[in-house]
Amino acid sequence: MNEEPTLVVSKIRNGTVIDHIPAGKALDILSVLGIAGKEGLRIAVLMNVESKKLGKKDIIKIEGKRLSPQDVSAIALIAPTATINIIEDFAVVEKYKVTVPNIVVDVLACPNPTCISNKKGELVRTRFKLVSGNPLKLQCEYCGTIISGDEVVKFVIKRK
Amino acid sequence: MKSSFYQHDVLSILDFSREDLELLFGYAERMEKSIDTKLSLLFGKMVALAFFEPSTRTRLSFEVAAKRLGADVISITGEESLSISKGESLADTIRMLDTYSDLIVIRHRYEGAAKYAAEIARHPVINAGDGKQHHPTQAMIDLYTVKKLFGTVDGLNYGILGDLRYGRASTSFIFSLTLFKPKKVYLISPESLRVREEVLHVLKERGVVYEERRSLGDVIEELDVLYVIRIQRERIPDPIEYEKVKGSYKVTLDLLKRAKKELKILHPLPKVDEIDERIDNTPHAAYFIQAKYGIPVRMALLALIFGVEP
Ligand SMILES: [Zn+2]
């Protein structure tokens with residue numbers, strides 16, 4: 001990370017840094033990652049720090065956490081500008097930009113109560129198709145329901 | 001060459017093209033000619049009817065269509081579907097029917113149930129209605145009716161009146177019009193029963209000229225086809241909401257005085273009170289003819305899916 005925030009936060013040894021989050025979205029991301037703060041993970045959340053690219057941005061550093069593919073998809077839906085840095089032994093060993101997938105599998109719950117994906121006893125993996133990136137619109141492949149923009153965060157399936 | 005119906009699922013009318021439907025209509029015409037004879041085109045085939053939602057009309061229509069073609073029919077209805085819905089998962093029921101039959105026709109109150117069933121079954125699945133979402137075979141019948149009445153589906157003004165939010169027949173009919181070139185489509189409904197966002201999305205994407213209206217009286221003079229559906233009481237989550245919209249639209253003889261002489265009224269039936277019953281005996285009423293086409297169109301569809309020619 002070459003855009004050093006003015007707030008001093010110690011580096012992490014092993015874990016993940018989520019950078020270039022649009023300002024104000026960090027807490028939404030913690031929420032969709034299922035992080036409430038009681039898990040015992042060492043976490044730094046920087047909000048509204050200066051950024052050359054975005055003006056202001058948020059950053060999340062999580063010690064000892066690797067993201068699943070579903071986690072990354074969920075982050076992309078909320079913070080399409082985010083970059084993920086994998087840290088090992090204080091060094092960035094991998095860095096990539098998130099991309100919004102065309103089909104989002106098993107990341108979002110359908111808001112429609114009579115969608116087959118919400119029927120008890122059926123093992124349906126939810127599947128949403130990206131119909132528009134900006135503004136963000138996703139459509140349930142089973143029932144056709146469209147969810148858009150800021151409401152997407154409400155429907156991310158929370159995982160432990 | 002086998003058509004795009006061959007061994008194919010029928011989940012949404014949008015899975016098909018205009019050419020596909022024209023092929024289907026050609027088959028249906030030929031089926032009409034042999035409507036009173038029992039054919040043996042599907043001899044040895046087993047068709048499973050899985051109606052998890054009460055239905056008489058559509059289920060019987062599929063049953064007659066399959067039997068006229070010489071197929072055997074097994075079905076889950078009424079109490080059986082109730083006991084299944086209590087215990088066994090839909091997935092397990094579909095797996096069972098899939099081993100017993102060559103094709104499954106499903107109706108279910110959950111949107112997406114037919115698609116889910118198609119993902120599980122090896123044999124083709126026909127969606128006979130999934131919640132408020134799709135009813136593709138009804139749309140095939142509706143278009144066939146328009147084609148028979150006007151000689152074409154293109155260039156006409158359509159009014160679609162009623163509970164467009166929860167109506168699957170109206171949704172599929174609207175979708176089906178996007179495969180053709182209607183002149184204009186009026187979507188007429190009470191505010192709370194407006195067509196859903198995803199349906200408007202398809203209309204916009206496919207460049208159909210449409211307009212949303214609150215009152216039939218505003219547009220009645222322009223219409224060639226008026227498609228009416230009842231309020232889908234069983235799908236409105238809140239009974240208070242139902243009370244508010246109950247009886248909020250009705251086609252009356254008075255309104256029809258201002259209509260074109262050629263106006264035809266379609267309705268997927270059953271009707272409740274949205275069409276004055278005195279209209280039944282006028283030349284505008286086309287819904288009984290439409291109902292009659294249910295069997296030849298479904299026969300045509302089954303023949304195409306199994307790859308046999310009438
Ligand atoms: Zn859904």
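Residues numbered from 1 in each chain as written. Chains lettered and ligands numbered in written order. Predicted model: local features only at pLDDT ≥ 70, side-chain atom pairs only at ≥ 80, totals over all residues. Heavy atoms only, no water.

(A) Fine view of the interface of chain B and chain A. Chain B puts 17 residues into the contact, and the matching count from chain A is 20 residues. Summing both sides of the interface, chain B and chain A together bury roughly 1,500 Å²; the carbon and sulfur share of this comes to 50%. Applying the counting rule to chain B against chain A returns two salt bridges. Among the ionic pairs, K137 of chain A bridges to E197 of chain B, the shortest N-O distance being 3.0 Å. (Contact = heavy atoms within 4.5 Å. Buried area = accessible area lost by both parts, 1.4 Å probe. Salt bridge = Lys/Arg side-chain N within 4 Å of Asp/Glu carboxyl O.)

(B) Summary view of the packing of aromatic side chains. All names here are of chain B. Under the definition given, this model contains six aromatic pairs over all chains. Their ring planes at 65° and their centres at 5.9 Å tell us that Y158 and F173 sit as a pair that is edge-to-face. Note that Y158 is positioned in strand β5 (residues 157-161) and F173 in helix α7 (residues 168-177), a separation of 15 residues in sequence. Taken together, F25, Y144 and Y293 form an aromatic cluster joined through their ring pairs. Across the ring face of Y6, the terminal group of K2 is positioned such that the distance to the ring centre comes to 5.0 Å. The cationic tip of R30 hangs over the ring face of Y27; the distance from NZ or CZ to the ring centre is 5.0 Å. (Phe/Tyr/Trp six-rings, centres within 6.5 Å; stacked < 30°, edge-to-face > 60°. Helix = DSSP H or I, 4+ residues; strand = E, 2+ residues; numbered from the N terminus. Lys NZ or Arg CZ within 6 Å of the ring centre and 35° of its normal.)

(C) Here's a closer look at the coordination of the zinc ion. Residues and elements named next belong to chain A. Looking at the metal site, the zinc ion is ligated by C110 (SG), C115 (SG), C140 (SG) and C143 (SG), spaced 2.3 to 2.4 Å from it. Around the zinc ion sit four donor atoms; with metal-centred angles ranging over 98 to 118°, the donor geometry is tetrahedral. Linear spacing of the donor residues for the zinc ion on their chain is C-x4-C-x24-C-x2-C. (Donors = N, O, S within 2.8 Å, 3.2 Å for Na, K, Ca; no water. Tetrahedral: all angles 85-135°; square planar, octahedral: opposite > 155°, others 65-115°.)

(D) Layout of the side chain of Q139 of chain A. Among the structural elements, Q139 of chain A can be located in strand β8 (residues 137-140). Note on Q139 of chain A: relative accessible area 14%, which makes it buried. (Buried < 20%, exposed > 50% of the residue type's maximum accessible area, 1.4 Å probe, protein only.)

(E) How the structure looks around the pairing of β5 of chain B. Residue and element names in this part refer to chain B. Of all five residues in β5, five are buried, a share of seventy percent or more. By the alternation rule, side chains of β5 split into N157, G159 and L161 and Y158 and I160, which are all buried. Crossover connection from β5 via α7 to parallel strand β6 (residues 184-188): handedness right-handed. By the bridge criterion, four bridges tie β5 to strand β8 (residues 225-228) in an arrangement that is parallel. Within the sheet, the bridge partner assigned to G159 lies in β8 and is L226. (Right-handed = clockwise from strand over helix to strand, strands pointing away. Pairing = 2+ DSSP bridges.)

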